[in-house]
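# Summary of the model geometry
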Amino acid sequence: MLGEGCRIRALWILNTFDTVVFSRRFPVVEKRWRKGCEGAADGGAVWCSVPTDSEVADAFVERKAREGSARGFGLRSVESIPESDSWVDDPITRHIISLHIEREEEKHLLWPLVLHMKGQYYILVLPLVEPKDLITYETLYKVPDCGSAVGTDANISSLLLSLPSITGAFLVACAIGDVITGDIVEPEVLNASQSGGLLDSLTGSIGISGISARAKPVASVGVSNASNNAVTGSVSSDAPKIGSRSLDKEALQTFISGSMPFGTPLDLNYSNISAAKTHGFSSSDIPPAEVKQPAWKPYLYRGKQRMLFTISETMDAAMYDRYEIPDSISVTGQVNCRAELEGLPDVSFPMTGMSNASVEFSSLHPCVQVPEHGVDGQAAMFQPPVGNFVLMRYRASCSLGPPVTGFYQLSMVSENEGAFLFKLRLMEGYKAPLTMEFCSVTMPFPRRRVLSFSGNPSVGTVTSTEHSVEWKIIPSGRGITGKSIEANFSGTIRFATLREIQRLPSSVSITGSVIDEDSDGENENTNNVVSFKIMGASVSGMHIDPKSVSIYPAVKAPIELSAQVTSGDYILWNTLGKCPSVAVAKDGR
């Protein structure tokens, strides 16, 4: 667990100008590092104190020049040199990097540094590792073969797998990224009696009204064991965003002081930290002395009791409609929970839903306890945190088949005109209570300007922009339940020629940096993006029976379950154009 296996020596935040705008060092952890180097064989050879902000900035700029970018390519190329991250020849070095610190004509290696990009900032987190781990990495990025061959004892993967501090450092970096960009959003939990409505959250201190009006903080008796500490919070995309808000150093200092005192991450849930700061603690309603209050529940809930579960799934698909290329469908999901329960109760529920859903992979919240021999047919027990949290994440197969099937074709009949055809079928095999609330198909043309289109769909409406055409098959508010429908759309679309584009006013923005004169019109739009939302149940078969959920000590608390499925990367590929695919080996070969 993080309390035992992760400690942070220091962290830095740099802006796009490679300037350190915030840093934090933890002397207690640094003292442990120094002591470890003094007591280890060859520890003095790797000893390097935490560098200054200017040293980190200079080393980061030098690494960007050496690796080609902030992350680098992660794979060895002709430009790679020994003692560089790309020399290790592993994509993980795009996220776990090293810096060369120059001091008095000596070069010191700073590793492992977790690099996380969020908004307009680079976040660097330096966890504590053993000196022998750093020595091992120094060897890896010097040897000719890097030790990355399959079956070898020394390789970067086996080294990182033995370092639990790496996982903790990633969670710290992601949590800090969410704080500095304002992306503090709790997992969505739907109220079954109010379809589609978001429940309030604990983030009242950042402008969201919530449970703070009803829940009163209660003092904790004793400090929980380190092994019981957990990290909660959401992980966001690494894609940089433009126009992020300015850095709030005071809020960041408060979060770091409360979430990782003395460099040891305890609770990375911003809502918990904010609530504790806003309300403080009182001495009323002290729990029994023999009950230890977990770190993920800094105060107790007071008010009307109930439990809410929401199964939220995302479906990704690549639909080719080709004999030689099979369609690809995957489902990722999570079970979000909100337990408005007084005191410190234990909640248990059977894990039969996982076997029914053919779950391929799952991970549970640190508060969940499961039998050592597995979860199949067994019950999981947990002491729920305050507010919304992700109880479980999983990946599964789709038991119902794709909700949108059919094909799409686009053929260029001239330089600036194309003919297209859609033949789709929605919700085939889907029965009540499954409801498709909306569905649309977007035809993107990033390197073309749409001048006009013609054609009438069999159902829905069509709108266009300069670089896309959107077909709203099922508008919001007109969902379908318990039936399937056919949707056909054929027509033509006319684009601006290259000469017409060059005559466009300078104020017109063309999406895409290059307009290729020799581009093949058929490849201008090789895929379409399908967007939809389905309510009522999961498509994987994941289910939690509210009647099977038990609470101890027993209380009268209604238990509600809701489910929703949204589209992720759901792609309809042009059957007449080029498309990427992965070759799958046949059985027995």
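Because the structure is predicted, anything quoted here is derived from the model rather than measured.

Here is what the cut-offs are and how they apply
- Residues numbered from 1 in each chain as written.
- Predicted model: local features only at pLDDT ≥ 70, side-chain atom pairs only at ≥ 80, totals over all residues.
- Heavy atoms only, no water.
- Helix = DSSP H or I, 4+ residues; strand = E, 2+ residues; numbered from the N terminus.
- Buried < 20%, exposed > 50% of the residue type's maximum accessible area, 1.4 Å probe, protein only.
- Contact = heavy atoms within 4.5 Å.
- Pairing = 2+ DSSP bridges.
- Axes fitted to C-alpha atoms, helices over the stretch in contact; angles between N-to-C directions.
- Phe/Tyr/Trp six-rings, centres within 6.5 Å; stacked < 30°, edge-to-face > 60°.
- Core = buried A, V, L, I, M, F, W, Y, C linked by side-chain atoms within 4.5 Å.
- Parallel < 35°, antiparallel > 145°, perpendicular 65-115°, else oblique.
- Left-handed = near helix turned anticlockwise from the far one by under 90°.
- Nonpolar A, V, L, I, M, F, W, Y, C, P; charged D, E, K, R; others polar.

With that out of the way, let us pick up the environment of Asp-133. Structurally, Asp-133 can be placed in helix H5 (residues 131-140). By relative accessible area, Asp-133 is classed as buried at 6%. For the pair Asp-133 and Ser-162, spaced 29 residues apart in the sequence, the C-alpha separation amounts to 9.3 Å. In this structure Asp-133 touches Trp-111, Leu-159 and Leu-163, once residues within four positions along its chain are discounted.

Ordered by their spatial adjacency, four strands build an open sheet running E15-E16-E22-E18, and the pairing between neighbours is antiparallel. Edge positions in the open sheet fall to strand E15 (404-414) and strand E18 (450-454), since each of these has one partner strand only. For this sheet, the mean angle separating the axes of adjacent strands, direction not counted, is 20 degrees. Sheet topology places E18 next to strand E22 (residues 485-495); four bridges connect them, and they run antiparallel. Bridge assignment links Ser-452 to a residue of E22, and that residue is Arg-494.

Evaluation of the coordinates by the stated rule reveals 14 aromatic pairs. These aromatic residues form a ring-pair network of at least three members: Tyr-408, Phe-420, Phe-422, Trp-471 and Phe-489.

Taken across its eight residues, strand E3 (residues 96-103) has seven buried, putting it largely inside the fold. Taking the residues that link successive antiparallel strands as the turn, the E3-strand E4 (residues 106-118) hairpin has two residues, and the phi of Glu-104 there is positive, at about 50 degrees.

Core analysis: the largest hydrophobic core is formed by 44 residues, its most contacted members being Trp-111, Val-125, Ile-176, Leu-252, Phe-255 and Ile-256. The leading source of residues in this core is helix H7 (residues 164-181), at eight residues. Sequence-distant contacts of Val-125, that is, excluding residues within four places in its chain, are made with Ile-8, Ala-10, Leu-11, Pro-112, Leu-113, Val-114, Ala-169, Val-172 and Ala-173. Ranked by size, the runner-up nonpolar core spans 40 residues in total, among them Tyr-408, Leu-424, Val-441 and Ile-493.

It is worth spelling out the sheet that holds strand E13 (residues 379-382) at this point. Pairing is antiparallel in the open sheet, where four strands are placed in the order E12-E13-E10-E24. The strands lining the two open edges of the sheet, one partner per strand, are strand E12 (368-369) and strand E24 (550-552). Taken together, the four bridges between strand E10 (residues 346-350) and E13 define a ladder with antiparallel strand orientation. Pairing of Ser-348 across the sheet is with Met-381, part of E13.

Now for the packing of H7 against helix H8 (residues 249-259). Remark: H7 packs on H8, axes separated minimally by 10 Å, with the N-to-C direction vectors making an angle of 150 degrees. In this view, H7 runs roughly antiparallel relative to H8, as classed from their interaxial angle. The crossing of H7 and H8 is right-handed. On H8, the residues that touch Ala-175, Ile-176, Val-179 and Ile-180 of H7 are Leu-252, Phe-255 and Ile-256. Among the residues making up the contact of H7 with H8, the classes are represented as seven nonpolar, no polar and no charged.

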